[in-house]
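# Coordinate analysis (summary)
Next come the chains, spelled out residue by residue.
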6 protein chains.
Amino acid sequence: MRFDEAYSGKVFIGSHPTWEEAKVILYGMPMDWTVSYRPGSRFGPNRIREVSIGLEEYSPYLDRELHEVPFFDAGDIPLPFGNAQKSLDLIEEYVDSILEKGKFPLGMGGEHLVSWPVFRAMYKKYPDLAIIHMDAHTDLREEYEGEPLSHSTPIRKAAGLIGPENVFSFGIRSGMKEEFEWAKEAGMHISKFEVLEPLKQVLPKLKGRTVYVTIDIDVLDPAHAPGTGTVDAGGITSKELLASIHAIAGSDVHVVGADLVEVAPVYDHSDQTANTASKLLREMLLGFVK
Amino acid sequence: MRFDEAYSGKVFIGSHPTWEEAKVILYGMPMDWTVSYRPGSRFGPNRIREVSIGLEEYSPYLDRELHEVPFFDAGDIPLPFGNAQKSLDLIEEYVDSILEKGKFPLGMGGEHLVSWPVFRAMYKKYPDLAIIHMDAHTDLREEYEGEPLSHSTPIRKAAGLIGPENVFSFGIRSGMKEEFEWAKEAGMHISKFEVLEPLKQVLPKLKGRTVYVTIDIDVLDPAHAPGTGTVDAGGITSKELLASIHAIAGSDVHVVGADLVEVAPVYDHSDQTANTASKLLREMLLGFVK
Amino acid sequence: MRFDEAYSGKVFIGSHPTWEEAKVILYGMPMDWTVSYRPGSRFGPNRIREVSIGLEEYSPYLDRELHEVPFFDAGDIPLPFGNAQKSLDLIEEYVDSILEKGKFPLGMGGEHLVSWPVFRAMYKKYPDLAIIHMDAHTDLREEYEGEPLSHSTPIRKAAGLIGPENVFSFGIRSGMKEEFEWAKEAGMHISKFEVLEPLKQVLPKLKGRTVYVTIDIDVLDPAHAPGTGTVDAGGITSKELLASIHAIAGSDVHVVGADLVEVAPVYDHSDQTANTASKLLREMLLGFVK
Amino acid sequence: MRFDEAYSGKVFIGSHPTWEEAKVILYGMPMDWTVSYRPGSRFGPNRIREVSIGLEEYSPYLDRELHEVPFFDAGDIPLPFGNAQKSLDLIEEYVDSILEKGKFPLGMGGEHLVSWPVFRAMYKKYPDLAIIHMDAHTDLREEYEGEPLSHSTPIRKAAGLIGPENVFSFGIRSGMKEEFEWAKEAGMHISKFEVLEPLKQVLPKLKGRTVYVTIDIDVLDPAHAPGTGTVDAGGITSKELLASIHAIAGSDVHVVGADLVEVAPVYDHSDQTANTASKLLREMLLGFVK
Amino acid sequence: MRFDEAYSGKVFIGSHPTWEEAKVILYGMPMDWTVSYRPGSRFGPNRIREVSIGLEEYSPYLDRELHEVPFFDAGDIPLPFGNAQKSLDLIEEYVDSILEKGKFPLGMGGEHLVSWPVFRAMYKKYPDLAIIHMDAHTDLREEYEGEPLSHSTPIRKAAGLIGPENVFSFGIRSGMKEEFEWAKEAGMHISKFEVLEPLKQVLPKLKGRTVYVTIDIDVLDPAHAPGTGTVDAGGITSKELLASIHAIAGSDVHVVGADLVEVAPVYDHSDQTANTASKLLREMLLGFVK
Amino acid sequence: MRFDEAYSGKVFIGSHPTWEEAKVILYGMPMDWTVSYRPGSRFGPNRIREVSIGLEEYSPYLDRELHEVPFFDAGDIPLPFGNAQKSLDLIEEYVDSILEKGKFPLGMGGEHLVSWPVFRAMYKKYPDLAIIHMDAHTDLREEYEGEPLSHSTPIRKAAGLIGPENVFSFGIRSGMKEEFEWAKEAGMHISKFEVLEPLKQVLPKLKGRTVYVTIDIDVLDPAHAPGTGTVDAGGITSKELLASIHAIAGSDVHVVGADLVEVAPVYDHSDQTANTASKLLREMLLGFVK
């Protein structure tokens, strides 16, 4: 032990010492100001880092260890409280800088709207991008009570950007009738209620495609993720979500970036949601990045 | 926005403006004074209303929206604290008044004993009534430590009222040996541990029957409903309970009333139980009332 | 009991039936999107209403009952999530409408920035307005990390609007050095750490003045108000805050409006903060409105 | 360590092995069925026992140790859930049995109504009884919404039993106007808001009298006792309550019994209320019993 | 009711009056000093006892009642805080004394390291012992950061004691790569992720063997057991764990002792983990002891 | 914003970039394995860092800003779980290394036993050391249930090391009779119950002395510090503790090191204890280091 060395601090377990050497950049997007129900996901990324100390660095699912995929936990992007547009601009600029260096962006939310600028950055680099989206909610609104920048809109914006036929949603169990109808008419894929089985059917069709994976933790049943903004009964188990990540990992798609959003620690006294998120991120890292 | 209008206040999302126009009356029975273990369900109905703001008004399960079934959230029946008999009398009188107008009563407990006066009111109007009961507990005691008015007794009372052969219990995983034996001898249906599969077998036999559905939220596993008086491991998931409600909705029985009881918010820091209850009530409303 | 009547729902205990007859309008401003630390005060007003059922309608401090000051709980102003400017505009318009009818506005926050549009509305009607401000924090920033609309700025804005010599802050124990220096130079009154004693010295100087009272619940010590966004040790007790309200009530100032802000229920498992807020509001109502 | 001995279990720290040898009987009255607001005090006595392990057996205030006052923790009286009258009868019978043996009853509530049968038992034995009552609430109602057996009534009943001139209330800060007026007219002592100073003035007048002390934990400010049914801001500190107990201990009154009621652990995540109650009970025991 | 009788206190529901008459000794091992993540399991046994009051004494799974298997709840072994070696010695001595009398030891942890001295005691009496181990974690480390006495090591120690071929682990989903590799090389059985199905395959091979069953509550998914030291997503349900216990109960192995460890109540606000543990213990008792 | 820079992570607000340049080293001692009641203080230092983001860097009490006292948050000393002796050795070695460089050690506990090796390190460098100790508990035991390394012993050890006449305890309200008697006989200063007034009397006597200040957060009343291992009613307020720190800061003693121990976040849902600790540390830093 060298006492004069800076303690590495609160970073995700196994994080490598420098940005430059890392293949993957793990970063937080601590924004929750457009949520319509329960705020608090701004504290998600830091709690996930904190509890990651309870994780092993080895995945018995993938037989792989964290050191095999050098990643750097870059901390949270400093975002201006209450200013949605500026926050989104900063996120896009940040992800641009990651992609420029050929690194894999692995984001932690924050509310789901943070994925929108990430989609933009990814699409600039990968014009053939497809998005795999796991969520309880459609997130297909054009606006929420007059606000176009809302946590209810990112997937609609994504569909507008990359084409609805390139967006694949799974596990959806809540939304307005109009959202489901719009998706149907637009030719966007929505699997209601389930994730793993429909995903196994979709993945072969995406063979060889460049894919971004965005997971809203509320795709899990409230029993498995009580610490989130909008809980909705009837979701999948963490075992099924792990299997879904492993299904993508074992498929022929080329994952180029991913995020996990909407962990709001204050609603979860036992920290099971943050613990589960830390494990999901380990599996995403080990499974998506070859 | 008209500023001089009264704010509708804390009512279940989508509630219609008046009692008269409504087809369904949603009401609370905030009583918990006979429980033997953890009290607190008196606050269930109001917390369910409060969190219903997180719900969509559309059910992707039933492809139906709340406005298609005009309902009125009538608030909680004011009950005298600690006086069980008088509380039960008030509930019966209240449900009588709903039935008199040909409306559908949809109750929120409160402890399970509140269903007893509802059964009485229903039976007066529907002498051929059958009861579908989902619960972790038999609730078949004749008394609890000398008290005939106890939360452990409502189903026994129901069996006495409408005949044990007209009571169908599902998901039961806790009770005294004597209760199970009594049910067997009396010819009452009890499905232990499971709900959906045995329900699918029973529903055809109830074809054309007039049915009241009473759901104790503790039929769910504690993982899915920690916020209740008596949690008991080994229960069903919220996905299974939703499917069970949809099975009844899609069957040939004629549901004439229903309740959901035993939500005790104080034991659930994340409010997942109240959130789940609000979704179950939306599905009961959209599924049971044609 | 008339069963066909709408239950009045979740309103503050003792609220009168109509807006028109009321002398005081009690309203919520459920906004928390510019806070820099812990969000959640959007749920403050409703929780305060909910727990007000534990209050008596009589104040033994003032020997007065709620029915002597007819007030109407108008609910929460519907505000667009994440859009600060539009929210503030709506609040100002709302308070204008209250003042237009000669009624007394009694607001419940939400974050402290909600007081800013109220100050504007008050000042339009009362150009000689003075503001009494109780808070742990100076709230004198010009901006927060580049954002002029921040929960750290309302008192600075107030000073700009009505003149720093008309703003009187009490109980302040946190701020940047620059804020304290600015106040000193600008001739604004700041009492550090204490409220009651300095207030008793200031009140005679305000004799006959028209006064708005804005109270940030965090002026209380965290022991007395754990449920708030930014707790800060070394505050006053609820007994001292009650006495301070009573000191204003017994003085010769003319209170024309008031608010109580920053109650964030999720950080307070025992709901003591909301309960305390409900009592403070009762005393403000009975003490400030003659 | 003898392994074949029964573990003494969850008893208050320092409890003596047998009922017979004990000078004081410590007993629980786990009833909460008539409360109008938040139930849960039925779990108070057991939580107090559980956390008493954190206490020292020595009081540095009184320079006395628990072994100097042999007491026996007799557990909770088994009470029939939801049956108020029967519960009260059992309590009275129980306290009769303690008094019959010349022992000192030290009760733990439960809601405050449990003190009513204790008053009856005490009065039968001590016809010159005076009652010292510390509470946030008057508890002087004749009935609550039609119920004469309510947690809002025990002091009124006491006044009826032993004469209002023999009841001395301290710390009262909540009640109906009528209750305060009744007390004034009846000649009953009420000290509003404060305990210690008025108590010091009253104690000399009670010199030589036989006194029962009943303490509702909510006489403490919510900061000091969040875990109770009805919290009310503006109360005293635990330091003041300890000093008040010591003032009685050092006076010339003859305390013949006492209780501490309304600890409701579920509302206090840190268990500070139960911990404080355990210390108060130790001081009552060491201070009241010579 | 005899008032002069000692209340039996906080013992597991249905406990028999004396050690001598009991066939089974239920005892707590309140040690948590070597855990690397979240401490608190020292309070597990007492909370399990406390909540056992919510259990029925009858198992509808096994059609058996607690009185059919006389057991004595002997309380917690008093262990010296922070001294791991001495604590383990005391546990071994304690279990020796149980086995000497031919009784069945049923232990409650405490951290998993408490099972190590139990294994030693069991092996002395039953040299052909096999161990069935259900857990999220391998617990196969030789040491943890230099400490051989760590909660990460008991199964490795067990394998060293009774031979790796006699240890059968189920449900494992976390560990170092080296641990899995060691087990493979050593010929120890590890079923990853699942419990019930692999157990059904292993049990016939253990026919007639003497078996000790050790269950770490974290084999359950965090949704089913949030109240434990190290939660890990992707676990089994309480329904599956109950079925696994019943599978052992119905097999031809001879269970001679068992424990359930790692319940840490402070991380579980709803007490669902302790409630679930109490039910699991009832089923272990009724299922394992003929 | 340079995106390729490492985010400084979770350090105390205002921490300087390097160990070398710092005048003060802030470090955590995450040990809680000898506590006899509630563990969890191992997580204290990190939670204090995390919530320090809610602090201003300016003290209006001392009119001083953090940048005026360059300090480096060195993180937590990695300690071996469950091994008390080795942990203490590491802490002593660590503090030696700080003192060797002429820096001021500012420690965060962890249980109070962590102060013992710090005392040793300090005494080696400052043989004329006096200790100011603020605590609810005497901590004067020679051993606890046979263990000499216990959280109940550090002040006794200190008295043995530097002489009882050089130890000054304040705020003590709990201990064994023997401990108080020993202190009296040994000539050690103990101020019972109060801190500020007796401290003001003692400080002049310590004029010119070299002093180490050790504060157990439980010297605060449970209302002000619910998040600690052993809460004890009747303590001082955070306002009084701040004033006591300022009294030392304004006196003529020469403070050469300090610590704040026993913050256990899991027992404090609102994080008020950690927030208060972060403010106390800021004031200790700005007040003690000239």
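Residues numbered from 1 in each chain as written. Chains lettered and ligands numbered in written order. Predicted model: local features only at pLDDT ≥ 70, side-chain atom pairs only at ≥ 80, totals over all residues. Heavy atoms only, no water.

In the nomenclature of an unreviewed UniProt entry, chain A is known as Agmatinase of Bacillus xiamenensis. Under the UniProt heading Sequence similarities (unreviewed entry), the entry covering chain A gives this text: "Belongs to the arginase family. Agmatinase subfamily." (UniProt positions renumbered as here; feature names shortened; annotations may be inferred.)

Cis rather than trans, the peptide bond between Gly-109 of chain B and Gly-110 of chain B has omega equal to 15°. Following the sequence through the fold, Gly-110 of chain B ends up in the loop between strand 5 (104-109) and helix 3 (115-125). You will see that Asp-63 of chain E, though not glycine, has its phi angle at about 50°, which is positive. Here Asp-63 of chain E is to be found in the loop between strand 2 (58-59) and strand 3 (64-65). (Helix = DSSP H or I, 4+ residues; strand = E, 2+ residues; numbered from the N terminus.)

Residues and elements named next belong to chain B. Positionally, Arg-156 belongs in helix 4 (residues 154-162). Remark: the alpha-carbon pair of Arg-156 and Glu-142, spanning 14 residues in sequence, is separated by 6.5 Å. Not counting chain neighbours up to four residues away, the residues in contact with Arg-156 comprise Asp-139, Leu-140, Arg-141, Glu-142 and Trp-182. (Contact = heavy atoms within 4.5 Å.)

Residue and element names in this part refer to chain A. Tallied over the entire structure, the rule returns 104 salt bridges over all chains. The partner of Glu-197 in a salt bridge is Lys-200, and the shortest N-O contact between them spans 3.8 Å. Of this pair, Glu-197 and Lys-200 are both found in helix 6 (residues 196-202), 3 residues apart, which corresponds to roughly one turn of the helix. Look at Glu-197 and you get partly exposed, because its relative accessible area is 46%. According to the relative accessible area criterion, Lys-200 is partly exposed, its value standing at 45%. (Salt bridge = Lys/Arg side-chain N within 4 Å of Asp/Glu carboxyl O. Buried < 20%, exposed > 50% of the residue type's maximum accessible area, 1.4 Å probe, protein only.)

Glancing now at the relation of the copies chain A and chain B. Taken together, a rotation about one axis and a shift along it account for how the two chain copies relate. Rotating chain A by 120° and moving it 0.0 Å along the rotation axis overlays it on chain B with an RMSD of 0.0 Å. As the rotation angle and translation indicate, the two copies are arranged about a three-fold axis. When each C-alpha of chain A is compared by its distance to the rotation axis, Ala-223 of chain A comes out closest, at 3.0 Å. A different interface surface on each copy is seen, since only 7% of the contact residues of chain A are contact residues in chain B too. (Least-squares fit on C-alpha atoms with pLDDT ≥ 70 in both.)

The next subject is the interface of chain A and chain B. Contacts between chain A and chain B engage 28 residues on the former and 22 residues on the latter. Carbon and sulfur atoms make up 52% of the area that chain A and chain B hide from each other, which totals about 2,000 Å². Of all residues in chain A, the largest losses of buried area upon contact with chain B belong to Tyr-37, Lys-177 and Ala-233 of chain A, amounting jointly to 27% of the total for that side. Where chain A packs against chain B, one counts 3 salt bridges. One salt bridge connects Lys-239 of chain B with Glu-194 of chain A, and the closest N-O pair in it is separated by 3.0 Å. Counting every contact that joins chain A to chain B gives 12 residue pairs in polar contact (both at pLDDT 80 or more). (Buried area = accessible area lost by both parts, 1.4 Å probe. Polar contact = N/O pair within 3.5 Å; in protein donor to acceptor, adjacent residues only side chain to side chain.)

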